[in-house]
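What follows is the residue order along each chain.
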Amino acid sequence: MKMIVGLGNIGPQYDGTRHNTGFAVLDQFADDHGIEFTTRKMDAKLGSGMIDGEKVLLVEPTTFMNESGRAVGPLMNFYKLDLADLIVVYDDMDLPVGKIRLRTHGAAGGHNGIKSLIAHLGTNQFDRIRVGTDHPKFQKVVDYVLGKFTDEQLPDFKTACDQSVAALNDWVAGQAFDKLENKYN
């Protein structure tokens with residue numbers, strides 16, 4: 001089984017915000033594969049299905065961003081998954097809107113959701129897709145990440161979502177992550 005985690009904040013007030021990029025990508029992936037989030041377990045909304053002969057578990061933590069690891073760590077243990085079976089999708093201000101970066105490991109880079117995952121998993125050695133949201137130009141970081149993409153940013157954001165979903169499809173199909181890094185970075 002493979003686990004795909006999208007990071008974001010729960011509640012309609014956060015729908016469409018930059019910080020909910022992980023949810024947006026995961027929702028698009030779920031829609032493409034006819035998977036619905038029908039279960040709540042261990043502080044997360046879950047959806048599952050078979051894709052290319054592989055059981056896939058989709059996870060959207062309901063803990064708010066800063067406590068995402070509180071959901072992911074117990075789910076990894078419950079399903080007895082290896083880190084190789086986990087990929088996390090999240091927003092990244094260090095990348096421009098429209099760009100994605102795949103990485104096999106790394107520090108949190110100031111992202112509190114990733115800090116929480118590292119703390120609860122006990123390692124930073126997990127695959128991830130970072131989706132660019134760009135840096136704020138004239139506002140506080142918290143206001144920026146909890147704000148919505150501008151009309152000018154939306155086409156580039158849609159491109160990044162499409163690329164992220166394509167990378168997830170390739171990952172589920174069994175392509176090696178280092179090959180995916182070369183293809184999508």
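Before any of the text, the structure's been laid out above.
Described in the following lines is the structure provided in the data block.

About the thresholds
The numbering scheme is per chain: residues are counted from 1 as the chain's sequence reads. Given that this is a predicted model, residues contribute local features only at a pLDDT of at least 70 and side-chain atom pairs are listed and counted only at 80 or more, while totals for whole chains, interfaces and linings are drawn from all residues. Values shown for side chains rest on all heavy atoms present in the structure; no hydrogens or waters enter the calculation. Pairing of aromatic side chains requires ring centres within 6.5 Å, counting the rings of Phe and Tyr and the six-membered ring of Trp. Pairs whose planes differ by under 30 degrees are stacked, by over 60 edge-to-face, and all others tilted. Elements are defined by DSSP. Helices are runs of H or I of four residues or more, strands are runs of E of two residues or more, and each kind is numbered from the N terminus. Type-normalised accessible area, obtained with a 1.4 Å probe on protein chains alone, sets the label of each residue: buried when under 20%, exposed when over 50%, and partly exposed for intermediate values. Between any two strands, pairing holds if DSSP finds at least two bridges. Inter-axis angles, ranging from 0 to 180 degrees, are taken between N-to-C directions of lines fitted to C-alpha atoms, where helices are fitted over the stretch in contact. Neither His nor the chain ends is counted toward charge; the positive residues are Lys and Arg and the negative residues Asp and Glu. When a carboxyl oxygen of Asp or Glu is within 4 Å of a side-chain nitrogen of Lys or Arg, the pair counts as a salt bridge. Residues count as neighbours in contact if any of their non-hydrogen atoms are within 4.5 Å of one another. In this text, buried Ala, Val, Leu, Ile, Met, Phe, Trp, Tyr and Cys residues form a nonpolar core when linked through side-chain atoms within 4.5 Å. The patches described consist of residues with a relative accessible area above 30% and no salt bridge, like charges being joined within 9 Å and nonpolar side chains (Val, Leu, Ile, Met, Phe, Trp, Tyr) within 5 Å. Here the accessible surface of atoms and residues is derived via Shrake-Rupley with a 1.4 Å probe, and residues count as covered only by protein chains that are part of the display. Where a charge sits is defined by one atom per residue type, namely NZ (Lys), CZ (Arg), CG (Asp) or CD (Glu).

Considering the packing of aromatic side chains
Link 1 in the chain: A full pass over the atoms with the stated rule returns three aromatic pairs.
Link 2 in the chain: Ring centres 6.1 Å apart and planes at 80° place the aromatic pair Tyr14 and Phe64 in the edge-to-face group. You can see Tyr14 sitting in the loop between β1 (2–6) and α1 (21–32) and its partner Phe64 sitting in the loop between β4 (54–61) and α2 (69–78), a full 50 residues away along the chain.
Link 3 in the chain: Residue classification places Phe64 among the partly exposed residues on the basis of a relative accessible area of 39%.
Link 4 in the chain: Pairing Phe149 with Phe157 gives two aromatic rings, centres 4.1 Å apart and planes at 20°, and the pair type is stacked.

Notes on the sheet that holds β4
Link 1 in the chain: One open sheet holds the seven strands; their spatial order is β2-β3-β4-β1-β5-β7-β6, and the pairing between them is mixed. Lying at the two open borders of the sheet, with one neighbouring strand each, are β2 (39–41) and β6 (100–103). Pairwise comparison of adjacent strand axes, ignoring direction, gives a mean angle of 25° for this sheet.
Link 2 in the chain: Both β6 and strand β7 (residues 127–132) contribute to a ladder of four bridges, which runs antiparallel. Bridge pairing links Arg101 to Arg130 in β7.

Examining the side chain of Asp85
Link 1 in the chain: Mapped onto the fold, Asp85 is located in the loop between α2 and β5 (86–92).
Link 2 in the chain: Lys2 is the oppositely charged side chain nearest to the buried, salt-bridge-free Asp85, at an N-O distance of 4.6 Å.
Link 3 in the chain: Ignoring any residue separated from it by four or fewer positions in sequence, one finds Asp85 in contact with Met1, Lys2, Met3 and Trp171.

Brief notes about the nonpolar core
Link 1 in the chain: Counting 28 residues, the largest nonpolar core has Ile4, Phe29, Leu58, Leu102, Ile129, Val131 and Leu168 as its most contacted members.
Link 2 in the chain: For this core, the secondary structure elements donating two or more residues are α1, β4, β5, β6, β7, α5 (154–172) and α6 (177–184).
Link 3 in the chain: The dominant element in this core, judged by the number of residues it contributes, is α5, at eight residues.
Link 4 in the chain: With near-sequence residues (within four places) excluded, Val131 lies in contact with Thr21, Val25, Val89, Tyr90, Asp91, Asp92, Lys99, Ile100, Phe157, Ala160 and Ser164.
Link 5 in the chain: One finds Val59, Met76, Leu81 and Ile114 within the second-largest nonpolar core, a separate group that totals 21 residues.

As for a negative patch on the surface
Link 1 in the chain: Together, Asp15, Asp27, Asp31 and Asp32 give the surface a local cluster of negative charge.
Link 2 in the chain: Residue position: Asp15 is located in the loop between β1 and α1.
Link 3 in the chain: The exposure class assigned to Asp15 is partly exposed, which follows from its relative accessible area of 44%.

Some points on the pairing of β1
Link 1 in the chain: In terms of burial, β1 is a largely internal element, five of the five residues being buried.
Link 2 in the chain: Every second residue of β1 is oriented toward a common face, with Lys2, Ile4 and Gly6 on one face and Met3 and Val5 on the other, all of them buried.
Link 3 in the chain: Where β1 lies against β4, four bridges are found, and the strand directions are parallel. Residue pairing for β4: Val5 is matched across the bridge by Val59.
Link 4 in the chain: Relative to β5, β1 is paired through four bridges, and the arrangement is parallel.

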